[in-house]
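# Structural characterization, general
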Amino acid sequence: MDFTVDATATAVGDVVSDLLRRHTPVWEAEFAEPGGFDTELYSSVHRAGLLALALPSANGGDDVGLIGLHPLLRALGSAAAVTPTPGTVVAAAVATDPVSASLVETIVDAGGHIAVAVSEPGSPLTTTPQTSLSHGRLRGTKTAVLHAQGSAALLVTTDSGAVLVDTDAAGVSVTATPSSTGWGEYTVRFDDVAVPDDRVVARDARVVRDAHRFALSAYADGVLAGALRITADHVTQRVQFGKPIATFQAVTQQLADIYVVGRSMNLAVTSAVWRMSEGLDADRDLSIAAYWLAAEMPATLRTMTHLHGGVGVDITYPLHRYASIVKDLARLVGGPMARLDELAESSVFADELAESSVEEGI
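The notes below deal with the structure included here. (Residues numbered from 1 in each chain as written. Predicted model: local features only at pLDDT ≥ 70, side-chain atom pairs only at ≥ 80, totals over all residues. Heavy atoms only, no water.)

### Observations concerning the sheet that holds strand E4 (residues 153–158)
Counted only if it meets this: Only strands that DSSP links by at least two bridges are regarded as paired with each other. Working definition: helices are DSSP H or I runs of at least four residues, strands are E runs of at least two. Numbering for both runs from the N terminus. For helices, the fitted line uses only the C-alpha atoms of the stretch in contact; every axis is such a line through C-alpha atoms, and the angle between N-to-C directions lies from 0 to 180 degrees.
Pairing is mixed across the open sheet formed by 4 strands, whose spatial order is E1-E4-E5-E8. One side of each edge strand has no neighbouring strand; the edge strands of this open sheet are strand E1 (114–117) and strand E8 (200–202). Across the sheet, the mean angle separating the axes of adjacent strands is 30 degrees when strand polarity is ignored. Pairing of E4 with strand E5 (residues 161–166) involves 6 bridges; the strand directions are antiparallel. Counterpart to Ala153 in the pairing with E5 is Asp166.

### Digging into the environment of Tyr322
This is how the line gets drawn: In this analysis, two residues are considered to be in contact whenever any of their non-hydrogen atoms come within 4.5 Å of each other.
Assignment of secondary structure puts Tyr322 in helix H10 (residues 318–332). Sequence spacing of Tyr322 and Gly182 is 140 residues, and the spatial spacing of their C-alpha atoms is 12 Å. What Tyr322 contacts, discounting residues up to four positions off in sequence, is Trp27, Gly77, Ser78, Ala79, Ala80, Val223, Gly226, Ala227, Arg229, Ile230 and Leu301.

### What about the sheet that holds strand E6 (residues 172–176)?
Strand pairs in the sheet, formed through backbone hydrogen bonds, run parallel or antiparallel to each other. Strand order in the open sheet formed by 4 strands is E2-E3-E7-E6, and the pairing between neighbours is antiparallel. The sheet is open, and its two edges are formed by strand E2 (132–134) and E6, each paired on a single side. Mean inter-strand twist for the sheet, computed between neighbouring axes without regard to direction, equals 15 degrees. Pairing of strand E3 (residues 137–146) with strand E7 (residues 185–194) involves 7 bridges; the strand directions are antiparallel. Looking at E7, one finds that Leu138 is bridged to Val193.

### Some thoughts on the nonpolar core
The following threshold applies: In plain words, nonpolar cores are sets of buried Ala, Val, Leu, Ile, Met, Phe, Trp, Tyr and Cys residues tied together by side-chain atoms within 4.5 Å. Relative accessibility under 20% of the residue-type maximum defines a buried residue, over 50% an exposed one, and the middle range a partly exposed one, all with a 1.4 Å probe and only protein chains included.
Formed by 90 residues in total, the largest nonpolar core has its most connected members in Val104, Leu155, Trp183, Leu301, Tyr322 and Leu329. Looking at this core, the element that brings in the most residues is helix H6 (residues 205–237), giving 13 residues. Here Leu301 is in contact with Leu224, Ala227, Leu319, Tyr322, Ala323 and Val326, once residues within four sequence places are set aside. In this structure, Ala115, Ala117, Val145 and Leu154 belong to the second largest nonpolar core, which totals 17 residues.

### Some remarks on the environment of Thr231
With respect to the element layout, Thr231 can be found in helix H6. In sequence terms Thr231 and Arg74 are 157 residues apart; their C-alpha atoms lie 18 Å from each other. Here Thr231 is in contact with Leu255, Met304, Leu307, His308 and Leu319, once residues within four sequence places are set aside.

### Observations regarding empty space enclosed by the protein
Summary: where empty space remains is shown by rolling a probe the size of a single water molecule over the atoms. As a reminder of what qualifies: The method works on a 1 Å grid over the protein atoms by themselves. A cavity is a set of points holding a 1.4 Å probe that cannot get out, a pocket is an open set with protein on both sides within 12 Å along at least five of seven lines, and residues with an atom within 4 Å of a point line them. Grid points are joined across faces, edges and corners, and a volume is the space filled by probe spheres set on the points. Lys, Arg, Asp and Glu make up the charged group, whereas Ala, Val, Leu, Ile, Met, Phe, Trp, Tyr, Cys and Pro make up the nonpolar group; the residues left over, Gly among them, are polar.
The full count for this structure, using the stated rule, is 2 cavities of 30 Å³ or more. Counted as a void, the largest cavity has a volume near 200 Å³. What lines the largest cavity is a set of 19 residues, among which Thr83, Pro86, Gly87, Leu146 and His147 lie closest to the centre. Of all elements in the fold, only helix H4 (85–94), E1 and H6 reach the threshold of two or more residues within the lining of the largest cavity. Examining the composition of the lining of the largest cavity, we find that 4 residues originate from one element, H6, more than from any other. Here the lining of the largest cavity is composed, by residue class, of 14 nonpolar, 5 polar and no charged. Its volume calculated, the second largest cavity comes out at about 50 Å³. Every residue along the wall of the second largest cavity is listed here: Val118, Ser119, Leu125, Thr143, Ala144, Leu146, His212, Leu216 and Leu332. Where the lining of the second largest cavity is concerned, the elements lending two or more residues are E3 and H6. Per-element tally for the lining of the second largest cavity: the top contributor is E3, with 3 residues. Of the residues assigned to the lining of the second largest cavity, the class counts are 6 nonpolar, 3 polar and no charged.

Quick look at the structure:
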C-alpha cells in the first residue's frame, strides 16, 4: 500500500493551488446565481483545463483517475470553494465509453457543468435506487442534488445503472431546497423522461455512487484542513493574560482532538481512493469516510467556532462558511446513524464477524 503522491497528482495540486491563491472569495455571499455557486471561480477552473482531466485523451482529456483528482477536490474544500466541480469531474471520471465521454466533453468544453443525482427521499446515498429506467423511460425523484439548476445534464443513478439526462428535457422538474451554506441544492423529479440507449453511462449504479461518495469526502477532508488552518492562526495570534491562547492547556487539548479527527478523515479518504485506483473494493473506506464526516466533523467545527469566540459566528469571517459547508455535507451523506448502519451491514464487516465467531467457537 503506497500512498505516495505521483507526479500527476502533484501537478494538479500545484495548478489548483495557484488558481485559488489568485481568487478573492466573498465570504458573506449567498450564491444568488442560477445553480448557487461561485461562477467566477468555476470559470477559472474551466479555463485552467481542470474539468477535462479525467476524460479520455481521445476526448481532449488527460486520462487522470480519481487519485489524480484528489488534490483538486481537497484544495477546493480547503478554500471553502463552492462550485459544481466535484459533480462535473465525477461525470468525466465515470464516462469511459466513447459516446458518454463525448457528451461530457461537449459540456465541459462549453464551460457547463453536470450535477450528480444519487440520493432519494428517505434514503441518502441510496444503494438501492427506486428511480426506475424501463424501456427508455426514467421515473423517480432525487434529493440533495447540488447545483442542478443551470446544469447542462444530470448524472442519475437508477435501478438499471446510471444515465446522463439533459436538465431541460421534457419531464424534468427542479425545485430548490434550503441549505445552511446558501449553495444551490435541489430536488429533481423525473416524470416519464425519455432516455436514449446511448445515454447510459454505467450499467452498475454503484460506480457513480462510489465516485460521488469519494468526491464529497475528499472535499470535506479539505474543508476540515482549511478550517483547522484558520483556527491555528487565530489561537496563535489571540493573546490573553499576556500569552497566546494556543499555549493554554485546555486549548491545546482541543486542538489535539481536532488534529486526530482531521488525520483520521484524511486517512480514510486516501485509502479509499488508492483502493479505487488499484481496482480493489473501497466500500469500507468510503463508508468510514462518510461516517466520519457525518459523526465527527460537525462537532469539530463547533469546537473551532468556540475557540474563535464571538468572531467565529460572524458571517463575514471565513470560518462561518466552513462550518456551514460541514453542516450541509453531514446532512447530504445522511447523518451519522445512516452511515453507521451501512457500515454495520456491509459484507466486509459481516465476513469479519463470521470469521471471528468461527475462531471463538460460537
